[in-house]
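So the chains spell out like this:
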Amino acid sequence: MFNAILLGISWVMMIQAYPRLPQLIPYWLNLAGQNVLRAPKSPLFFIYPGAQTLFLVVFWLAGNIWVRKREAFEGVAPAVGEAGKGESQEDNRGLFGQTPAEDKKPGGQGKAGAKSGQPAAAGPAFTYPGGKPAASFEKRETNPELQAALINLKKELVLLLMIFFNLIFIHIQRSLIWLAHGLSAGVNKFYFFSLIIIILLLIPYYRFRRSLL
C-alpha cells in the first residue's frame, strides 16, 4: 500500500509540475559529473514516472516468484539404533586399540592375538542398513511454521526495497523540476547515495534475520 502511495505521489507531482515548466527543461542530471542535458519541453518528461512504474511492476513480479519458492535447509541426520552403536565401537577401537567386546571374548582371544603376534579371529564385518552411513548430510523440508516465517521475511525485504527504489525515483524527478526552475543545482548526492547504501545494507539485514529463523 505504501509503495502504491509513493508511486501515486510521483505521478501527481510530475503532472502538476509539467504545465508550469519553462520551455527549456533538463532531462538528465549531473549524477556522476556529466553535463545537464536540456531540451524543449515535451511529453518525454513523463518517461521518469513511466520507467518507475515499469520497474516496480517487474520487480514486484520477480519478487513474488522468489517469495513463493520453497527452500530446503541442509541438516545432519543423526544415527540411531545399531548403526550408531557400530560407529561408536569403531571410534573406540581407533582411539584405544580395542573395544570392550574384544576384552570379553572367550579364552582372551583379543588379548592373546595382540601379545602372541597371531591374528585374532575376525568377526563379521558390520554393514550399515541399506548401505548408508550412520550420519549423513541431507536436504530436508522445513516445517510449515518456519516456511511461513521465511515467506513473511521475503515479503518484507521485497517491499522495503521497493520503498527505497520509489524514493530514488521521486528524488530524481523532484531534482529535475527544481533544476528547471533554477531552485537547485541538481540532485542531492548525499541523499541519493545514502538511499543506495541503505538498499545494499538490506541484503545483510535479510541474511541476519534469516539466520535467526
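As the structure is a computational prediction, the values presented were derived from the model and not from experiment.

Caption draft 1: Looking closely at the nonpolar core. Membership of the largest hydrophobic core comes to 36 residues, with the highest contact counts inside it found for Phe45 and Ile172. Of all elements in the fold, only α1 (2–17), β1 (24–28), α2 (47–68), α6 (144–180) and α7 (189–212) reach the threshold of two or more residues within this core. Among the elements that take part in this core, α6 stands out by supplying 16 residues, more than any other.

Caption draft 2: Just the side chain of His171, in detail. Positionally, His171 belongs in helix α6. His171 sits in the buried class, given a relative accessible area of 4%.

Caption draft 3: Here's a closer look at the packing of α2 against α6. Running from N to C, α2 and α6 point in directions that differ by 170°, and their axes come no closer than 10 Å. Comparing their axes, α6 and α2 come out roughly antiparallel. Counted by class, the contact of α2 with α6 contains 19 nonpolar, four polar and two charged residues.

Caption draft 4: Representation of α6. The terminal C-alpha atoms of α6, which comprises 37 residues, lie 54 Å apart, in line with the 54 Å expected from a rise of 1.5 Å per residue. Positive phi appears at Gly182, one or two residues downstream of α6, with a value of about 75°.

Caption draft 5: Up close: the packing of aromatic side chains. Using the criterion set out here, one finds nine aromatic pairs in the structure. Summarising the aromatic geometry, the rings of Tyr18 and Phe45 are spaced 6.3 Å apart at their centres and angled 35° between planes, so their arrangement reads as tilted. Remark: Phe45 occurs in the loop between β2 (37–40) and α2 and Tyr18 occurs in the loop between α1 and β1; sequence separation between them is 27 residues. Residues Phe55 and Phe59 carry aromatic rings whose centres are separated by 6.0 Å and whose planes lie at 25° to one another, so their mutual orientation is stacked. A residue pair is termed a helical-turn pair when its members lie 3 or 4 positions apart in one helix, as Phe55 and Phe59 do in helix α2 at four residues. Classification of Phe55 by relative accessible area gives partly exposed; the value is 32%. Here the aromatic residues Phe55, Phe59, Phe165 and Phe169 are joined through ring pairs into a cluster of three or more. The side chain of Lys41 reaches across the aromatic face of Tyr18, ending 5.2 Å from its centre. Just above the ring of Trp66 sits the side chain of Lys154; from NZ or CZ to the centre is 5.0 Å.

Caption draft 6: Structural view of the side chain of Asn166. Looking at where Asn166 falls in the secondary structure, it is placed in helix α6. Once residues lying within four places of it in the same chain are set aside, the contact partners of Asn166 are Asn3, Leu6, Leu7, Gln52 and Leu56.

Caption draft 7: A look at the packing of α1 against α6. In contact at an axis separation of 9 Å, α1 and α6 are set at 10° when each is read in the N-to-C sense. By the angle between their axes, α1 is roughly parallel relative to α6. Here Phe2, Asn3, Leu6, Leu7, Ser10, Met13, Met14 and Ala17 of α1 come into contact with α6, specifically with Leu159, Met162, Ile163, Asn166, Leu167, Ile170, Gln173, Arg174 and Ile177.

Caption draft 8: Molecular detail of the environment of Ile163. As for its position among the elements, Ile163 is in helix α6. Sequence separation between Ile163 and Leu56 is 107 residues; the distance between their C-alpha atoms is 9.6 Å. Every residue in contact with Ile163, bar those within four places of it in the chain, is listed here: Phe2, Asn3 and Leu6.

Caption draft 9: Region of the structure containing the pattern of salt bridges. Applying the stated criterion across every chain yields a total of one salt bridge. Arg209 is the partner of Glu156 in a salt bridge, and the nearest nitrogen-oxygen pair spans 3.3 Å. With a gap of 53 residues between them, Glu156 in helix α6 and Arg209 in helix α7 connect regions that are remote in the sequence. Note on Arg209: relative accessible area 29%, which makes it partly exposed.

What counts, and at which threshold
- Each chain carries its own residue numbering, running from 1 in the direction its sequence is written.
- Residue-level local features of this predicted model are given only where pLDDT is at least 70; pairs of side-chain atoms are given and counted only at 80 or more, and the full residue set underlies all totals for whole chains, interfaces and linings.
- Working from all heavy atoms in the structure, the side-chain values ignore hydrogens and water.
- What makes a nonpolar core is a set of buried Ala, Val, Leu, Ile, Met, Phe, Trp, Tyr and Cys residues whose side-chain atoms join them at distances within 4.5 Å.
- Residue burial is assigned from relative accessible area. The probe radius is 1.4 Å, only protein chains are included, and a residue is buried under 20% of its type maximum, exposed over 50%, and partly exposed in between.
- Here a helix means four or more residues in a row that DSSP labels H or I, a strand means two or more in a row labelled E, and each is numbered from the N terminus.
- A fitted line through C-alpha atoms serves as each axis, taken over the contacting stretch for helices, and the angle formed by two N-to-C directions is quoted from 0 to 180°.
- An angle below 35 degrees is treated as roughly parallel, one above 145 as roughly antiparallel, one from 65 to 115 as roughly perpendicular, and anything else as oblique.
- Amino acid classes used here: Ala, Val, Leu, Ile, Met, Phe, Trp, Tyr, Cys and Pro are nonpolar; Asp, Glu, Lys and Arg are charged; the rest, including Gly, are polar.
- By this rule, a helix spans an expected 1.5 Å times one less than how many residues it contains.
- Working definition: a ring pair exists when centres of Phe, Tyr or Trp rings (six-membered ring for Trp) sit within 6.5 Å. Plane angles under 30 degrees give stacked, over 60 give edge-to-face, the rest tilted.
- Comment: the charge-over-ring label is applied if NZ (Lys) or CZ (Arg) is within 6 Å of the ring centre and within 35 degrees of the ring normal.
- The criterion used for residue contact is that any of the two residues' heavy atoms lie within 4.5 Å.
- The term salt bridge refers to a pairing of a side-chain nitrogen on Lys or Arg with a carboxyl oxygen on Asp or Glu at a separation within 4 Å.

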